[in-house]
Amino acid sequence: MKIAVLPGDGIGPEVTREALKVLDALALPQLTLFEGDVGGIAYKRHGHPLPAETLEMARAADAVLFGAVGDPECDTLPREYRPEQAILGLRSELGLFANLRPAAGFPGLEDLSPLKPELARGIDLLVVRELNGDVYFGDKGERDSAGGREGWDDMSYNEAEVRRIAHSAFRAAQKRRKKLTSVDKANVLETSRIWRETVIELAGEYPDVELDHMYVDNAAMQLVRSPGQFDVIVTGNLFGDILSDQASACVGSIGLLASASLGERTTEFGTFGLYEPIHGSAPDIAGQGKANPVAAILSLAMLLRHSLGRDADANRIERAVAASLSSEIRGADLGGSASTQEIGDAILRHLQAIA
Ligand code: ATP
Ligand code: MG
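About the cut-offs
Residues numbered from 1 in each chain as written. Chains lettered and ligands numbered in written order. Predicted model: local features only at pLDDT ≥ 70, side-chain atom pairs only at ≥ 80, totals over all residues. Helix = DSSP H or I, 4+ residues; strand = E, 2+ residues; numbered from the N terminus. Buried ≥ 20, exposed ≤ 12 C-beta atoms within 10 Å, placed from the backbone. Near = placed C-beta within 6 Å. Nonpolar A, V, L, I, M, F, W, Y, C, P; charged D, E, K, R; others polar. Contact = placed C-beta atoms within 7 Å. UniProt positions renumbered as here; feature names shortened; annotations may be inferred. Pairing = 2+ DSSP bridges. Right-handed = clockwise from strand over helix to strand, strands pointing away. Expected span 1.5 Å × (residues − 1). Arc of directions from axis to C-beta. Core = buried A, V, L, I, M, F, W, Y, C linked by C-beta atoms within 7 Å. Domains from an automatic or database assignment.

Comments concerning unusual backbone geometry
Reasoning step 1: For Ala 27, which is not glycine, the phi torsion reads 45° and is therefore positive.
Reasoning step 2: The topology assignment puts Ala 27 in the loop between α1 (12–26) and β2 (32–35).
Reasoning step 3: With 7 C-beta atoms counted inside 10 Å, the residue Ala 27 sits in the exposed group.
Reasoning step 4: Here the phi dihedral of Lys 178 falls at roughly 65°; this positive angle occurs in a residue that is not glycine.
Reasoning step 5: With respect to the secondary-structure elements, Lys 178 resides in the loop between α6 (159–174) and β8 (179–184).
Reasoning step 6: For Lys 178, a count of 15 C-beta atoms within 10 Å gives the class partly exposed.

Quick word on the site of ligand 1
Reasoning step 1: Surveying the vicinity of ligand 1 reveals 15 residues, the closest of which are Gly 255, His 279, Gly 280, Ala 282 and Asn 292.
Reasoning step 2: Of the residues that constitute the shell around ligand 1, the class distribution is 7 nonpolar, 6 polar and 2 charged.

Overview of the environment of Leu 50
Reasoning step 1: The topology assignment puts Leu 50 in the loop between α2 (40–46) and α3 (52–60).
Reasoning step 2: As a C-alpha pair, Leu 50 and Gly 105 span 55 residues in sequence and 35 Å in three-dimensional space.
Reasoning step 3: In this structure Leu 50 touches Val 38, Ala 42, Leu 55, Gln 85, Ala 86, Gly 89 and Leu 90, once residues within four positions along its chain are discounted.

Brief notes about the UniProt feature "domain: Isopropylmalate dehydrogenase-like" (unreviewed entry) in the protein
Reasoning step 1: Look at the UniProt record and you will see "domain: Isopropylmalate dehydrogenase-like" (unreviewed entry) annotated at residues 2–347.
Reasoning step 2: Secondary structure within residues 2–347 divides into 40% helix and 22% strand; the distance between the first and last C-alpha atoms comes to 24 Å.

Observations concerning the pairing of strand β9 (residues 210–215)
Reasoning step 1: Judged from the 6 bridges that link them, β8 and β9 form a sheet pairing that is parallel. Paired with Val 183 across the strands is Met 214, a residue of β9.
Reasoning step 2: Note on the crossover from β8 through helix α7 (residues 190–203) to β9: the handedness is right-handed.

A closer look at helix α12 (residues 340–353)
Reasoning step 1: With 14 residues, α12 extends 20 Å between its outermost C-alpha atoms, agreeing within 8% with the 20 Å of an ideal straight helix rising 1.5 Å per residue.
Reasoning step 2: Buried within α12 we find Thr 340, Ile 343, Gly 344, Ala 346, Ile 347, His 350 and Leu 351. The arc that holds every buried residue of α12, seen down its axis, measures 160°, which confines them to one face. Exposed residues pointing more than 90 degrees away from the buried face of α12 are listed as Gln 352 and Ala 353.
Reasoning step 3: The elements touched by buried residues of α12 are α1, α10 (294–306) and α11 (311–326).

A look at the environment of Arg 171
Reasoning step 1: Structurally, the position occupied by Arg 171 is in helix α6.
Reasoning step 2: A count of 15 C-beta atoms within 10 Å places Arg 171 in the partly exposed class.
Reasoning step 3: Linking Arg 171 and Val 209, residues 38 residues apart in sequence, is a C-alpha distance of 9.0 Å.

A word on the nonpolar core
Reasoning step 1: Judged by nonpolar contacts, the single largest core of 103 residues is most densely connected at Val 64, Leu 65, Val 128, Ala 169, Tyr 275, Ile 297 and Leu 300.
Reasoning step 2: Ranked by residues supplied to this core, first place goes to α10 with 10 residues.
Reasoning step 3: Lining this core are residues from two domains, each supplying at least three of them: domain 1 (1–96 + 260–355) and domain 2 (110–252).
Reasoning step 4: What Leu 65 contacts, discounting residues up to four positions off in sequence, is Ile 3, Val 5, Thr 16, Ala 19, Tyr 275, Ser 299, Leu 300 and Leu 303.

Here it is in C-alpha cells:
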C-alpha cells in the first residue's frame, strides 16, 4: 500500500502531521509513505506548484493525502504558477471526476450550525459533485455585443460523463440509506435534460436505490428547510460547488469536514483517490497551532475506506473523532483552547480505547 502525502501550504502541514500520527497508530502492514511538495512551497523550491516528480509520486500511489494549497506571497504570480493551480492539475491529470463530500451533524456541536439544533442534528448526507466537466471546462471567452463587452461560458455534459458520475452516486447510495437525489435545472437547461434522462436510464441497474429529482433552486431551499430528507445528492460541477458549500455550512465549522476525489482507476484495494479537508491553507492562523486537524483526520478515514479497503479502521477513526469532539477538548474554531497537537493527541487516545 502506497500513500503519497502532499501537505502543501499554510496549515496544510500542521493538520496533515496529526493525520499521519493517527495513521501511524494503526500500524498498517506493508504501508509505504512518500512525501512531496505541492502549492506555494513547491513553487518556491522547484519553480512550479505541481512539479513533475510530485505528479509522478501521486500517480504511482494507491491514494493521495492532500493538505491545502494557497500562499499570499504567490498572489501576484501569473495564473499558471499560483498554488491553487496544483490541485486543479492533480484532479485533471489523475482523472478524478467524482468529488464526495459527506456532511453530518456532530453530536454535541449542534450549536455551531446556523440551523435550528433539531434540524442540524438530522443532517447526514453526502454530496457527489462532478468535477471535470460543466461550465467550468467549456469554451469561454469575451466578445463585443450591442450592450458592450460580453462574457460567455459553454455549459455541456455528454451521456458518458453523466453516466460515470451517476454510477459513483448510485453505488455510494447503496452503501448508505439507499436514497439518491439528482439535482439539475431540467426545466430550462438542455444540459440538465440530458443529465436527467441519463440518470433515469441508469436507475434500472440499481433497483434497490430510491431515485428522485430536484431542481437546484428547490434543492438549495430544501437543504436549509429540511436537510434530514437527503441521503446522497448527485449533481454537476457548478451546482455541486454551491450546494456542497451550503451543506457544509449547515453542519458548522469548516475545520471538521473532509472530502474525497475519485476517478475510475482502481487499486489492488479499492478506488484510487485524493483526500483533503474542505478548508484551505488558512494563512491567517498558520504556524500558530490553532488549526483544527479533524478535517484532515477524517480525510484519512475516507482514504482508508475508499482506496485501501480498510473500513474497520475508517470507522474506528470516525468514532474516535466523534468521542473526542463530545469531550471538552476543542480548538479555537469550536470555542475551545486546545492546540492542533492536543486535538490530535486526544483523538489518538480515543482511538486506542476503541478496539
Ligand atoms: P481556499 O481558497 O484555499 O479554500 P479560503 O480563503 O476559502 O481558502 P480557508 O483557508 O478555508 O479559506 O479559511 C477560511 C477561514 O476558516 C479562515 O479564517 C481560517 O482561519 C478558518 N479555518 C480554515 N481551516 C481551519 C481549521 N482547520 N481550523 C480552524 N480554522 C480554520
Ligand atoms: Mg475556500
